[in-house]
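Structural overview for review
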Amino acid sequence: MEKTFIMVKPDGVQRNLIGDIVSRFEKKGFKLAGGKLMSIPNALAEEHYGEHKERPFFGELVDFITSGPVFAMVWEGENVIATARQMMGATKPAEALPGTIRGDYGITVGKNVIHGSDSPESAEREINLFFDKEELVDYDKND
Ligand code: CMP
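Computed from a predicted model, the values in this text were never measured in an experiment.

1. Let's talk about the nonpolar core
Ile6, Ile21, Phe25, Met73, Trp75 and Ile114 are the most contacted members of the largest nonpolar core, which has 21 residues in total. Those residues in contact with Met73 that lie beyond four places of it in its chain are Thr4, Phe5, Ile6, Val8, Ile21, Val22, Leu32, Gly34, Gly35 and Phe131. Listed in part, the 18 residues of the second largest apolar core include Tyr49, Phe58, Val74 and Ile127.

Spelled out as structure tokens, the structure:
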């Protein structure tokens, strides 16, 4: 079954949005395969955001994501990668539609509440960066 990496960013954790965000994915019908509250070490942040290394906001991005605890999750279900992106809304909150997570809660492009993998390749990479295999449940085991 398809899996994606979703993370409530420090602003979302601080604003007590973990429950709401988890609830949205549960109600949609996706299954939580793993989840943990954690502080991201600098090296992990730099690796996670490696593709943005040359961007002018890279330092800001790493500083923000390491500024407080995040809630990292793995969700699974049919088309979960693309559907989660739709549920999150556009990266820039001003462009995110009402009803989406960023549309409802985000104000700035940096503090935009949530991160989600943008492709099957990044989902695999990000899940492996943040989770050990033993930390994930396998719902398909008895199929
Ligand atoms: P995310 O989905 O976590 O992946 C890359 C992040 O870069 C993105 O969400 C935004 O929060 C952040 N980002 C994009 N553009 C800018 C910007 N101009 N300034 C600060 N952060 C940005």
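2. Remarks on helix H7 (residues 120–130)
Working note: α-helix, 3.6 residues per turn, so residues spaced by three or four point in the same direction. Among all positions in H7, only Ser122, Ala123, Glu126, Ile127 and Phe130 are buried. Taken end-on, H7 shows its buried residues confined to a sector of 130 degrees, consistent with a single buried face. Away from its buried face by more than 90 degrees, H7 exposes Pro120, Glu121 and Glu124.

3. Describing the UniProt feature "binding site: ATP" (unreviewed entry) in the chain
Per the UniProt entry, the sites bearing "binding site: ATP" (unreviewed entry) are Lys9, Phe57, Arg85, Thr91, Arg102 and Asn112 in this numbering. Look past the residues within four positions of Lys9 in its chain and what remains in contact with it is Tyr49, Phe64, Ile65, Pro69, Val70, Gly110, Asn112, Val113, Ile114 and His115. With respect to the helices and strands, the residue Thr91 is situated in the loop between helix H5 (80–88) and helix H6 (101–105). On the basis of relative accessible area, Thr91 is assigned to the partly exposed category, the value being 40%.

4. Topic: the site of the ligand
The ligand sits among Lys9, Tyr49, His52, Phe57, Glu60, Leu61, Thr91, Arg102, Val109, Gly110, Asn112 and His115. Within the side chain of Lys9, an N or O atom sits 2.7 Å from an oxygen atom of the ligand. In this structure, an oxygen atom belonging to the ligand sits 3.3 Å away from a side-chain N or O atom of Asn112. Contact with the protein chains removes 80% of the 460 Å² of surface that the ligand exposes when unbound. Residues of the shell around the ligand, tallied by class, amount to 4 nonpolar, 5 polar and 3 charged.

Basis of the calculations
Residues numbered from 1 in each chain as written. Predicted model: local features only at pLDDT ≥ 70, side-chain atom pairs only at ≥ 80, totals over all residues. Heavy atoms only, no water. Core = buried A, V, L, I, M, F, W, Y, C linked by side-chain atoms within 4.5 Å. Buried < 20%, exposed > 50% of the residue type's maximum accessible area, 1.4 Å probe, protein only. Contact = heavy atoms within 4.5 Å. Helix = DSSP H or I, 4+ residues; strand = E, 2+ residues; numbered from the N terminus. Arc of directions from axis to C-beta. UniProt positions renumbered as here; feature names shortened; annotations may be inferred. Near = heavy atom within 4 Å. Polar contact = N/O pair within 3.5 Å; in protein donor to acceptor, adjacent residues only side chain to side chain. Areas by Shrake-Rupley, 256 points an atom, 1.4 Å probe, with all protein chains shown as cover. Nonpolar A, V, L, I, M, F, W, Y, C, P; charged D, E, K, R; others polar.

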